[in-house]
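# Summary of the model geometry
Here is how the chains run, residue by residue.
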Amino acid sequence: MPTERELQIAPIVPESVMHNTKALSNLQTLTASIFGAAAGILGLESYSGFLFYFIFTILTTVLFYTIRVAPTSLKAGHGTFDTSRYFRSQYEFWAGGLFNGLAGYILTWTLFYGLVRA
């Protein structure tokens, strides 16, 4: 556990950053499965299915940023899209979810497509 002096020098607590990363990863995995079920039920195929995934994953990340990260980050004086207060890197926050949930999306997409179209 960091000492009080270490927290004053570097106020970012690694355990909190890991917790935030895990929470975001869980959200992205869950929504990828939900989006896969929706794409399968809608009968999307090929590029339209992947476009559906990318659009809604980016929308989910923007909503998460707007609701959870931006209000406190902007009050603390950070930049508009700066997530360094809560996450290790901006790439991890903005683009990490695009590839983390892709396998789950494809799995549920093909499952629900097969169930509905069979």
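Provided above is the structure to which this section pertains.
Reading the values: the criteria
- Residues numbered from 1 in each chain as written.
- Predicted model: local features only at pLDDT ≥ 70, side-chain atom pairs only at ≥ 80, totals over all residues.
- Heavy atoms only, no water.
- Phe/Tyr/Trp six-rings, centres within 6.5 Å; stacked < 30°, edge-to-face > 60°.
- Helix = DSSP H or I, 4+ residues; strand = E, 2+ residues; numbered from the N terminus.
- Buried < 20%, exposed > 50% of the residue type's maximum accessible area, 1.4 Å probe, protein only.
- Expected span 1.5 Å × (residues − 1).
- Bend = angle between axes of the 7 residues up to and from the residue.
- Contact = heavy atoms within 4.5 Å.
- Polar contact = N/O pair within 3.5 Å; in protein donor to acceptor, adjacent residues only side chain to side chain.
- Core = buried A, V, L, I, M, F, W, Y, C linked by side-chain atoms within 4.5 Å.
- 1 Å grid on protein atoms, 1.4 Å probe; cavity = no way out; pocket = protein on both sides within 12 Å on 5 of 7 lines; lining within 4 Å.
- Points joined across faces, edges and corners; volume = space filled by probe spheres on them.
- Nonpolar A, V, L, I, M, F, W, Y, C, P; charged D, E, K, R; others polar.

## Here we look at the packing of aromatic side chains
Both the distance between ring centres and the angle between the ring planes are used here to describe each pair of aromatic rings. For the structure shown, the criterion picks out 11 aromatic pairs. Here the aromatic rings of F50 and W109 are separated by 5.2 Å at their centres, their planes lie at 90 degrees, and the arrangement is edge-to-face. Separated by 59 residues along the polypeptide, F50 in helix 3 (residues 46-75) and W109 in helix 6 (residues 102-117) bring together distant segments of the chain. The buried category is assigned to W109, whose relative accessible area is 8%. A centroid spacing of 4.7 Å and a plane angle of 50 degrees characterise the contact between F52 and F56, whose relative ring orientation is tilted. Taken together, the positions of F52 and F56, both in helix 3 and four residues apart, correspond to about one turn of that helix. The class of F52 is buried, set by a relative accessible area of 14%. By relative accessible area, F56 is classed as partly exposed at 30%. Among the aromatic side chains, those forming a connected cluster through ring pairs are F50, Y53, F54, Y105 and W109.

## Describing helix 3
Counted at 1.5 Å a residue, the expected span for helix 3 with its 30 residues is 44 Å, and the 43 Å between its end C-alpha atoms agrees. Largest kink in helix 3: about 55 degrees, centred on V69, with the proline P71 one to four residues after it. Buried within helix 3 are the following residues: G49, F52, Y53, T57, T60, T61, F64, Y65, V69, A70 and S73. Tucked inside the fold, the buried residues of helix 3 contact helix 2 (14-42), helix 4 (90-94), helix 5 (96-100) and helix 6. A positive phi of about 90 degrees marks G77, the residue just after helix 3.

## Focus: the environment of T66
Among the secondary structure elements, T66 is positioned in helix 3. Considered as a pair, T66 and Q28 are 38 residues apart in the sequence and their alpha carbons are 15 Å apart. Engagement of the side chain of T66 in a polar contact is seen with the backbone oxygen of V62, the distance being 2.8 Å.

## Side note on unusual backbone geometry
The phi dihedral of S46 is positive, around 55 degrees, even though this residue is not glycine. Tracing the chain through its elements places S46 in helix 3. Residue classification places S46 among the partly exposed positions, given a relative accessible area of 45%.

## What to know about the nonpolar core
Judged by nonpolar contacts, L24, F64, Y65, V69, A70, Y86, F87 and F93 together constitute the single largest core of eight residues. Sort the elements by how many residues they give to this core and helix 3 lands first, with four residues. In contact with Y86, not counting residues within four places along its chain, are V17, N20, V69, T72 and S73. Listed in part, the seven residues of the second largest apolar core include A39, F52, Y53 and W109.

## What to know about the layout of surface pockets
Here the largest pocket defines a volume of roughly 180 Å³. Around the largest pocket, the lining residues are H19, N20, A23, F64, R68, V69, T72, Y86 and F87. Elements represented by at least two residues in the lining of the largest pocket include exactly helix 2 and helix 3. Sorting elements by how many residues they give to the lining of the largest pocket places helix 3 first, with four residues. Partitioning the lining of the largest pocket into residue classes produces five nonpolar, three polar and one charged.

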